[in-house]
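# Observations on the model geometry
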Amino acid sequence: MAEKTTNDLLKKVRKIEIRTRALSHQIFAGEYHSAFKGKGMSFSEVREYQYGDDVRNMDWNVTARLHSPYVKVFEEEREMTVVLLVDISRSRLFGTASMNKRDLLAEIAAVLSFSAIINNDKVGALFFSDRVEKFIPPKKGRSHLLHIIREVIELQPEHDGTDIGEALRYLTNAMKKKCTAFVLSDLLDVDENGSPRYEDALKVAVNRHDLSFIEVHDPRERELPDVGLVNVKDSETGQTAWVNTSSKKMRLAYGKWFDDVQKATSKLFMKYSIDSVSIATDQDYVKALLTFFQKR
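Definitions and limits used
Along each chain, residue indices are assigned from 1 in the same order as the chain's sequence is written. Local features are withheld for residues below a pLDDT of 70 in this predicted model, meaning they are given only at 70 or higher, and side-chain atom pairs are given and counted only at 80 or more; totals for whole chains, interfaces and linings count all residues. Just so you know, side-chain values use all the structure's heavy atoms and leave hydrogens and water out. A run of DSSP states H or I qualifies as a helix once it reaches four residues; a run of E qualifies as a strand once it reaches two. Both are numbered from the N-terminal end. For every residue, the accessible area obtained with a 1.4 Å probe (protein chains only) is divided by the maximum for its type, and the residue is called buried under 20%, exposed over 50%, and partly exposed between those limits. Any two residues having at least one pair of non-hydrogen atoms within 4.5 Å are treated as being in contact. Here the accessible surface of atoms and residues is derived via Shrake-Rupley with a 1.4 Å probe, and residues count as covered only by protein chains that are part of the display. Centre distance within 6.5 Å is the pairing criterion for rings of Phe, Tyr and Trp, where only the six-membered ring of Trp is used; planes under 30 degrees apart are then read as stacked, over 60 as edge-to-face, and the remainder as tilted. When DSSP locates at least two bridges between a pair of strands, those strands are taken to pair. Side-chain atoms within 4.5 Å are what join buried Ala, Val, Leu, Ile, Met, Phe, Trp, Tyr and Cys residues into a set we call a nonpolar core. Think of a polar contact as two N or O atoms within 3.5 Å of one another; within protein, one of them needs to be a possible hydrogen donor and the other a possible acceptor, and neighboring residues in sequence only count if both atoms come from side chains.

A tally of helices and strands in the protein chain yields 9 helices and 10 strands. Out of the 296 residues in the protein chain, the part that is buried amounts to 45%. Taking the contacts inside the protein chain whose residues are at least 6 apart along the sequence as the reference set, 75% of them involve residues at least 24 apart. Within the structure as shown, the protein chain displays about 16,000 Å² of accessible surface, and the carbon and sulfur contribution to it stands at 50%.

Structure, rendered in structure tokens:
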């Protein structure tokens, strides 16, 4: 039985690799490079000041020592470090379309990883629920990348709930140098008013790293169908309740709550100039990601 489970997992990983590696080579690598390269600058050398140089780059220590003005010279970083912050809370298992949120997360993570590898970047992953469940430090190489994809598919959370703030705090502490970080989540981490609970951690992380959010969702999460009285269960808390979906008032109230959550999240991202994209399980994620890259 264990062997069958392992073989099934390897088949899943192989299928995702074949599909997403081809996409990364043919479509995404160039867009990824344009969108994310050149964001970081590293110190190269010092040289004597020349007319027109930015005085903000003056190296005052060297200037004082040599009694002549010198400036620091920076160059574009040719390699980046990419970290995927992947939400593995139990709500990712929900899906009513061709795939559930976990499968969509896995494919998007694979596309981003292969695009990074093609550009010779290091890739790491941080898996979180309401705790950081696992951290894989950034490395290069196909076997490392496939390890990340396997964990996206297979890793089971030991804790319930979702805490994006905890993941962002861990990123800030673990990655001392600037990295390009993608948060892959359904972003259902809000208070009773529908406001995101992770602003404080976000405010710190966005000043350290190049941060982007990729939200995945299922259409049925945003609009309830009229199917009568149904028993629903919260996949993270385990709480159950009977809901009369035939009630128009109830459906409208639910839709308004979800709309309020979306507006509050968008407002937060605009406040800190964070790029984001929302992708549904019944949507062509290829087109959505291309548009996201091109917007940057």
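Another point: the packing of aromatic side chains. Taken as a whole and assessed by the stated rule, the structure comprises 5 aromatic pairs. For the ring pair W257 and F258, a centre distance of 5.8 Å and an interplane angle of 85 degrees mean the geometry is edge-to-face. Judged by relative accessible area, F258 falls into the buried class, the value being 4%.

Mapping D59 onto the fold places it in the loop between β1 (41–48) and α2 (60–66). Setting aside residues no more than four positions away along its own chain, D59 makes contact with V46, Y70, V71 and K72.

This part is about the pairing of strand β4 (residues 122–128). Each regular strand carries side chains that alternate between the two faces of the sheet. By the criterion of burial, β4 is predominantly enclosed, with 6 of the 7 residues buried. By the bridge criterion, 7 bridges tie strand β3 (residues 81–87) to β4 in an arrangement that is parallel. Note on β4: the bridge partner recorded for D87 is F128. Strand direction decides the pairing type here: β4 and strand β5 (residues 132–139), joined by 5 bridges, are antiparallel.

This brings us to the nonpolar core. Ranked by size, the top nonpolar core spans 42 residues in total, and within it I108, F127, F182, I214 and I279 carry the most contacts. Setting aside residues up to four positions removed in sequence, I108 forms contacts with L184, I214, V216, I279, Y285 and L289.

Mapped onto the secondary structure, S129 falls in the loop between β4 and β5. The class for S129 is buried, based on a relative accessible area of 0%. Here E133 takes part through its side chain, which lies 2.6 Å from a polar atom of the side chain of S129.

This paragraph deals with unusual backbone geometry. It is generally the case that most residues other than glycine have a negative phi and that most peptide bonds are trans. The phi dihedral of L187 is positive, around 60 degrees, even though this residue is not glycine. Within the secondary structure, L187 sits in the loop between β6 (180–185) and α6 (199–208). For S273, which is not glycine, the phi torsion reads 55 degrees and is therefore positive. According to the relative accessible area criterion, S273 is exposed, its value standing at 67%.

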